[in-house]
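Structural overview
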Amino acid sequence: MLQVKNLSFSVGPARKRSTILNNLSLKIKPSEFVVITGPNGSGKSTLAKLIMGLEKATDGQIIFNQQNITDKDITERARLGIAFAFQQPPHFKGVTVKDLLQISATGHETFLEDTETDYKKLIETVGLDESYLEREVNNTLSGGELKRIEIASAIARNAQLTVFDEPEAGIDIWSFEKLVQIFKKFRNKAPERALIVISHQQRLIRQADRIVVLRNGQIALEGQPDDILPQLQEENV
Ligand SMILES: Nc1ncnc2c1ncn2[C@@H]1O[C@H](COP(=O)(O)OP(=O)(O)O)[C@@H](O)[C@H]1O
Ligand SMILES: [Mg+2]
């Protein structure tokens, strides 16, 4: 479904060039749930942004469903079926939570059917009550609330491939177990969909089909949770 081929991303002027991703290759199969982990600054968010088209690769290719999307912008990639939930979600002034969910669910196949009930269910799934549907997506929402709303809108999008960047960040009071349940539910409802989750949380990592560990912009380790988790614990990543 997704193939990242020899991807590199460098920034800065020629003399002080800093390489953030270095010749990274990765394949994601349909219905696969892949967790990307690794130390802060290892390039996880950069990789997510390159997949989504928010940053442009210095080198390499991104193939999605046999199509080369390397030069396609974020809108085009979203249309093709890639969704992204930001590590730090943006505000949308004048847009209510319900508007946001509606916009997210529009224009493609979705499992939100009977809208009123489904929007209520969806917002409750991420641990917020229905009063939030009328709230504006602005700075009156706490970081954790914004994060949950972002997760709900990514779920509403029901894309072929969804990338969640550290969904656990800012989720304090809300039980982390719920987030794991959401991912399980998301998989059950749309089993042919693929999921990339960037996370440091053991409980989430454990659910993955495959774990990819980034270090210094490269894949340091890759494999199934049973093989990778003990190594991660040893190294305290
Ligand atoms: N556009 C950019 N310009 C300069 N440095 C960047 C840019 N994007 C990312 N970086 C740097 O690249 C490194 C990797 O960042 P990031 O992908 O956000 O890491 P992670 O998500 O794994 O914590 C960090 O040191 C960050 O400061
Ligand atoms: Mg990050």
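Thresholds applied
- Residues numbered from 1 in each chain as written.
- Chains lettered and ligands numbered in written order.
- Predicted model: local features only at pLDDT ≥ 70, side-chain atom pairs only at ≥ 80, totals over all residues.
- Heavy atoms only, no water.
- Helix = DSSP H or I, 4+ residues; strand = E, 2+ residues; numbered from the N terminus.
- Rg over C-alpha atoms; globule rule 2.2 N^0.38 Å.
- Buried < 20%, exposed > 50% of the residue type's maximum accessible area, 1.4 Å probe, protein only.
- Contact = heavy atoms within 4.5 Å.
- Areas by Shrake-Rupley, 256 points an atom, 1.4 Å probe, with all protein chains shown as cover.
- Pairing = 2+ DSSP bridges.
- Near = heavy atom within 4 Å.
- Polar contact = N/O pair within 3.5 Å; in protein donor to acceptor, adjacent residues only side chain to side chain.
- Nonpolar A, V, L, I, M, F, W, Y, C, P; charged D, E, K, R; others polar.
- Salt bridge = Lys/Arg side-chain N within 4 Å of Asp/Glu carboxyl O.
- Axes fitted to C-alpha atoms, helices over the stretch in contact; angles between N-to-C directions.
- Parallel < 35°, antiparallel > 145°, perpendicular 65-115°, else oblique.
- Left-handed = near helix turned anticlockwise from the far one by under 90°.

1. So, the overall build of the protein
When helices and strands are tallied, the protein shows eight helices and twelve strands. Since a compact globule built from 237 residues should have a radius of gyration of about 18 Å, the 18 Å found for the protein is in line with a globular shape. Its C-alpha atoms put the protein at 50 × 40 × 35 Å along the principal axes. Among the 237 residues that make up the protein, the fraction classed as buried is 49%. Sequence-distant contacts in the protein: of pairs separated by 6 or more residues, those separated by 24 or more amount to 66%. For the protein, the computed accessible surface area is about 11,600 Å², with 45% contributed by carbon and sulfur atoms.

2. With respect to the sheet that holds strand β1 (residues 2-11)
For sheets, the rule is that strands pair by backbone hydrogen bonds, running either parallel or antiparallel. With antiparallel pairing, four strands are arranged side by side in an open sheet as β2-β1-β4-β5. Taken across any chain shown, the strands that pair with only one partner, and hence form the sheet edges, are β2 (18-28) and β5 (67-68). Taken together, the five bridges between β1 and strand β4 (residues 59-64) define a ladder with antiparallel strand orientation. In the strand pairing of β4, L2 is matched with F64.

3. Digging into the site of ligand 1
Lining the immediate surroundings of ligand 1 are V11, I20, P39, N40, G41, S42, G43, K44, S45, T46 and E55. Within the backbone of S45, one N or O atom sits 2.9 Å away from an oxygen atom of ligand 1. Across the complex, the protein chains shield 57% of the 560 Å² of accessible surface that ligand 1 would expose by itself. Looking at side-chain class alone, the shell around ligand 1 contains three nonpolar, six polar and two charged residues.

4. A few points about the pattern of salt bridges
Side chains that differ in sign of charge can pair as their charged atoms come close. Per the counting criterion, the structure on display carries seven salt bridges. The residue D118 makes a salt bridge to K121 at a minimum N-O spacing of 3.9 Å. In this pair, D118 and K121 are both assigned in helix α4 (residues 115-125), three residues apart and thus about one turn of the helix distant. Owing to a relative accessible area of 51%, K121 belongs among the exposed residues under this scheme. A cluster of three or more residues bridged by salt bridges with shared partners is formed by E32, R210 and E222.

5. Some points on the pairing of strand β10 (residues 194-198)
Where burial is concerned, most of β10 is hidden: five out of the five residues are buried. As paired elements, strand β3 (residues 33-37) and β10 share four bridges and run parallel to each other. Looking at the pairing, I36 lines up with I198 of β10.

6. Focus: the packing of helix α3 (residues 97-105) against helix α5 (residues 143-157)
Closest axis-to-axis distance for the α3/α5 pair is 7 Å, and the angle between their directions is 30°. Taken together, the axes of α3 and α5 lie roughly parallel to each other. For α3 against α5, the interelement crossing comes out right-handed. Across the interface between the two elements, V97, L100, L101, S104 and A105 from α3 touch I149, A152, S153, A156 and R157 from α5. Residues belonging to the contact of α3 with α5 are distributed by class as follows: seven nonpolar, two polar and one charged.

7. Observations concerning the sheet that holds strand β12 (residues 218-223)
Here six strands make up an open sheet; going across it, the order is β6-β9-β10-β3-β11-β12 and the pairing mixed. Looking at which strands have only one partner, the edges of the open sheet turn out to be β6 (82-85) and β12. When strand polarity is set aside, the average angle formed by the axes of neighbouring strands in this sheet is 20°. Its contacts with the sheet place α5 against β6 and β9 (161-165), and it is angled at close to 170° to β6.

8. Examining unusual backbone geometry
Backbone phi values are negative for most residues with the exception of glycine, while trans is the configuration of most peptide bonds. The phi angle at S31 is positive, at roughly 70°, despite the residue not being glycine. Among the structural elements, S31 can be located in the loop between β2 and β3. Of note, the phi angle at N158 is positive, near 50°, even though the residue is not glycine. With respect to the helices and strands, the residue N158 is situated in the loop between α5 and β9.

9. So, the side chain of T162
Positionally, T162 belongs in strand β9. Residue class for T162 comes out buried when judged on its relative accessible area of 0%.

Scope: geometric values only; no functional claims are made or implied.
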